[in-house]
Amino acid sequence: MLGSSELRAGFSSNESDSPMYTCENIVSRFRDRKRSANMVLCGTDCYADAQSRGNIKSPFDGNVVCGFDTMEYMLDNTFSKLGIDTDRVDHPLLLTEPLCNPEYSRGQMNELLFEAYRVQSVNYGLDALFSAYANNVRDNGLVVSAGRTTTAIVPLVQGRGYLDNAKRLSWGGLLASDFLLRLLQLKYPNCPQRITPYETQCMLEELCYTSLDYDAELRSLQDPDVLAKVDRVVQLPYSAPEYKEKTKEELDQIAERKRAAGRRLQEQTRIMRLEKAQRNENDLKYYTLLSEWKEKESPEEYQARLEADGFETEQEFDRTLKRLDTAVRKFRAEEQGEEFEEEKKEPEFPLVDVPDNELDEEGIKEKRRQRLLKAGHEARLRARAEKEKEKRLQAEEEERETRERTENLAAWLSKMRTQHQESIARIEERKRLREMLPNRKSAAAQQRMRNITALASEQDASSSDSHRRRKRGDDEDTFGANDNDWSVYRTINDATNEEEEAQDYVTLAEIEQKLLQFDDAFTDESTYEALQARKTRLTQTFLYGQPSRLDMDDPIQYHQLHLNVERIRVPEISWQPLIAGVDQAGVAELGRHVLFSVDQTIRDRMIRNVLVTGRYSSLPGFDARLSNSLQSYLPPNAPLSVRRAQCPRFDPWRGMREWVTEQSDLFRASSVTRAEYEEKGSGWFKEHALSSCWQA
């Protein structure tokens, strides 16, 4: 028997339920540099080393034999394992082939067997029908065979394959394994280890299952607790680095050294602080005595004395003296444990209104400084007045809102809910724009580049007079004269404006506080923070499993794969192929089409024997899902019976052995002999009840 994933071979005289020889259907041909010899390995031997793994080939393209030179190596290895060491094979052969196998492929196989191995005769049949024969489905039934690359639905009518109505879905275990591998690579792009196809196949067969109600189960997985229950952890190979653990005495010594170093640092800081305070005390005494000379000397002599001590003007000396006095009084207050309050008085600017012609050069400099100080002082007063005005307006707004809430609570709550949704929408829109900006092809990034281009070309991109440009030869730059000119910067940085985003969060918090206080339907679980926490928890559960067990400081976390949604998503493709981009009907729809393509009487007999076979059908829930799906198309009292094959892996081989033994005359009559091959050509084929080309 030939299989696209596994070759199973044996003699019909073998009474065991398993074949004598099985191996993976792969060949590796390479040149061994150490031995300087050409090597050919078959089956699992191909995984011996990196060189052999890099040259693995399969004789199958999908489930059709195309590489007949590779197939010859597989047949040589198979006959050798079966003990056939003669120059020819003196045994009749029975092989399986896929549904709708091309005539060219069968002809090439005949040519290989008759010419290279000089076999007596060759017979072909469908593995799905042989599996049905092994499971006593020999009259009427429906066989659903989910294999490595395809899933076939074959009707069985009066002991013969009714292949005119058979259907095939281009999806099987290999494609499902590849799809799971891509999902894991997308889910864990920074996984430190490479996930091999064999590991993915094991995860598919051992951890995935077919959901009875995919949509309902997928909605239930939106709950992090439910998602954590279905989560399965796959531990990739990981060797923890060895660390020499310190004893308790060593840890105590390290902690004591750290404490001693901290005490030394504190002592050094205290000494430096005392030294600085003493310097300030000495400088204050000296400068205080220096200031007394102002009353004893003329202004010129006093100015010369100040310059000798490094002060250019008397105002600079006064500022230094005031700073030292403040520092000394603050230190004394801190030493006594008192709170220091600096004396504040209204600033004076006596030189601002004095004409420049009445001042000398130093006076003019001081006048400019006082003018700047006065401007800053007036700006602070205006800001204080604006804050007071804002508080007054806020108090009036709160009073108006209280009145609205008292008069019509339902309308006020509806208004608050609308504002709550609008605030969340603005925040989400900012997040979306921020995520889109790094992508230069996104609409947000392209709009930003257009705004920058408009700014670079000195075009006002925000005002209505956007066509206005500075004339050539005119050196006057009027950008900024209009307040709307500055909005271009806001437009460019709209997606990352931290001030506006912070204000949105403050506004949202205020609205939620009001809703929590006055709306009974609005709970803590309805707040934006709770929604984000639930979303974050769901994401963490999807990626890392149970959040309570998450420890990102543990490197073993990076060597773990968590399968949760993937456990039902990958098998669901057999029922909804569009999930993987396969534009075909699912297994249930194909089964319905096959059943309703026959008469009612035949259909009633077929649904009593629905057999599920094939290695991919071994996933838990496959037969139950098929039963539920087919039952939905049938009357409520329809006698539908869906059962699994006893051994989906070896039942086709067992059915072939039983068919050859029980119907040996039919086997010989439907086999193509060497004489018929030489007379009628390699394309000659004889049909029988379990063959691939039977027509009703």
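Residues numbered from 1 in each chain as written. Predicted model: local features only at pLDDT ≥ 70, side-chain atom pairs only at ≥ 80, totals over all residues. Heavy atoms only, no water.

Digging into unusual backbone geometry
Item 1. Its identity as a non-glycine residue notwithstanding, Ser-36 has a phi of 55°, on the positive side.
Item 2. Taking the relative accessible area as the measure of exposure, Ser-36 reaches 47% and is therefore partly exposed.
Item 3. Of note in the backbone geometry, Gln-158 takes a positive phi value of approximately 55° without being a glycine.
Item 4. Assessed through its relative accessible area of 58%, Gln-158 is described here as exposed. (Buried < 20%, exposed > 50% of the residue type's maximum accessible area, 1.4 Å probe, protein only.)

Considerations on the sheet that holds strand β9 (residues 121–126)
Consider a sheet: its strands pair through backbone hydrogen bonds, and that pairing is either parallel or antiparallel.
Item 1. Here we have three strands laid out as an open sheet, ordered β8-β9-β18, and mixed in their pairing. The open sheet has two edge strands with one neighbour each: β8 (93–97) and β18 (672–673).
Item 2. Both β9 and β18 contribute to a ladder of two bridges, which runs antiparallel. Across the sheet, the residue bridging to Val-122 is Val-672, located in β18.
Item 3. Contacts from helix α3 (residues 103–116) reach β8, β9 and β18 within the one sheet, and its direction differs from that of β9 by about 145°.
Item 4. Sheet strands in contact with helix α4 (residues 127–134) are β8 and β9, and its direction is about 80° off that of β9. (Pairing = 2+ DSSP bridges. Helix = DSSP H or I, 4+ residues; strand = E, 2+ residues; numbered from the N terminus. Contact = heavy atoms within 4.5 Å. Axes fitted to C-alpha atoms, helices over the stretch in contact; angles between N-to-C directions.)

Some thoughts on the nonpolar core
Item 1. Trp-171, Met-203, Leu-561 and Leu-626 are the most contacted members of the largest nonpolar core, which has 48 residues in total.
Item 2. Considering every element that reaches this core, the biggest residue donor is helix α5 (residues 173–187), with six residues.
Item 3. A domain split of this core shows at least three residues from each of domain 1 (2–172 + 576–680) and domain 2 (180–231 + 542–573).
Item 4. Every residue in contact with Leu-561, bar those within four places of it in the chain, is listed here: Leu-184, Tyr-188, Cys-191, Ile-195, Met-203, Arg-232, Val-233, Val-234 and Leu-236.
Item 5. Ranked by size, the runner-up nonpolar core spans 29 residues in total, among them Val-27, Leu-93, Tyr-124 and Val-672. (Core = buried A, V, L, I, M, F, W, Y, C linked by side-chain atoms within 4.5 Å. Domains from an automatic or database assignment.)

Quick word on helix α19 (residues 587–595)
Item 1. Turning to α19, its buried residues are Val-587, Ala-588, Leu-590, Gly-591, Val-594 and Leu-595. One side of α19 holds all its buried residues, which, seen down the axis, span an arc of 165°. (Arc of directions from axis to C-beta.)

Topic: the side chain of Arg-567
Item 1. Mapping Arg-567 onto the fold places it in helix α18 (residues 566–572).
Item 2. Buried Arg-567, no salt bridge; nearest opposite-charge side chain is Glu-217, N-O distance 7.4 Å.
Item 3. Apart from residues lying up to four places away in sequence, Arg-567 is in contact with Leu-207, Cys-208, Tyr-209, Val-230 and Arg-232. (Lys, Arg positive; Asp, Glu negative; His and termini not counted. Salt bridge = Lys/Arg side-chain N within 4 Å of Asp/Glu carboxyl O.)

Considering the sheet that holds strand β4 (residues 37–42)
Item 1. Spatial strand order, β4-β3-β5: three strands in an open sheet with antiparallel pairing. Taken across any chain shown, the strands that pair with only one partner, and hence form the sheet edges, are β4 and β5 (56–57).
Item 2. Bridge analysis of strand β3 (residues 27–32) against β4 gives six bridges, and the strand direction is antiparallel. Looking at the pairing, Arg-29 lines up with Val-40 of β4.
Item 3. Of the strands in this sheet, β3, β4 and β5 touch helix α2 (residues 68–81), which is tilted by about 95° from β3.

Here we look at the packing of helix α9 (residues 248–291) against helix α11 (residues 314–335)
When two helices pack together, their arrangement is given by the angle between their axes and by how far apart the axes lie.
Item 1. Across the interface, α9 lies against α11 with an axial gap of 9 Å and an inter-helix angle of 135°. With respect to each other, α9 and α11 are oriented oblique. Taken as a pair, α9 and α11 cross one another with a handedness that is left-handed. Across from Arg-273, Leu-274, Ala-277, Asn-280, Glu-281, Asp-283, Leu-284, Tyr-287, Thr-288, Leu-290 and Ser-291 in α9, the residues of α11 making contact are Phe-317, Thr-320, Leu-321, Leu-324, Asp-325, Ala-327, Val-328, Phe-331, Arg-332, Glu-334 and Glu-335.
Item 2. Residues belonging to the contact of α9 with α11 are distributed by class as follows: 11 nonpolar, four polar and seven charged. (Parallel < 35°, antiparallel > 145°, perpendicular 65-115°, else oblique. Left-handed = near helix turned anticlockwise from the far one by under 90°. Nonpolar A, V, L, I, M, F, W, Y, C, P; charged D, E, K, R; others polar.)

A closer look at a positive patch on the surface
Item 1. Taken together, the side chains of Arg-380, Arg-384, Lys-387 and Lys-391 present a region of like positive charge at the surface.
Item 2. In this fold, Arg-380 is placed in helix α12 (residues 361–407). (Patch = residues over 30% accessible without salt bridge, like charges linked within 9 Å, V, L, I, M, F, W, Y side chains within 5 Å. Areas by Shrake-Rupley, 256 points an atom, 1.4 Å probe, with all protein chains shown as cover. Charge placed at Lys NZ, Arg CZ, Asp CG, Glu CD.)

Notes on the pattern of salt bridges
Item 1. Per the stated rule, a full pass over the model turns up 40 salt bridges.
Item 2. Two residues, Lys-514 and Glu-401, come together in a salt bridge whose shortest N-O distance is 2.9 Å. Remark: Glu-401 occurs in helix α12 and Lys-514 occurs in helix α16 (residues 498–518); sequence separation between them is 113 residues.
Item 3. Relative accessible area serves as the criterion here: at 9%, Glu-401 is assigned to the buried category.
Item 4. Between Lys-686 and Glu-676 there is a salt bridge whose closest N-O contact spans 2.6 Å. With Lys-686 in the segment after α24 (674–680) and Glu-676 in helix α24, this pair connects stretches of sequence that are 10 residues apart.
Item 5. Assessed through its relative accessible area of 18%, Lys-686 is described here as buried.
Item 6. Given a relative accessible area of 16%, Glu-676 falls into the buried group.
Item 7. The network of salt bridges with shared partners includes Arg-138, Asp-651, Arg-654, Glu-658 and Glu-662.

Examining helix α13 (residues 409–436)
Item 1. In a regular helix each residue adds 1.5 Å, so 28 residues correspond to 40 Å; α13 covers 40 Å between its end C-alpha atoms and thus fits that length.
Item 2. Residues Trp-412, Leu-413, Met-416, His-420, Ser-423, Ile-424, Ile-427, Arg-430, Leu-433 and Met-436 constitute the buried set of α13. (Expected span 1.5 Å × (residues − 1).)

Side note on a negative patch on the surface
Item 1. A cluster of acidic residues, Glu-307, Glu-312, Asp-360, Glu-361 and Glu-362, forms a negative patch on the protein surface.
Item 2. Looking at the secondary structure, you find Glu-307 in helix α10 (residues 299–308).
Item 3. Classification of Glu-307 as partly exposed rests on a relative accessible area of 48%.

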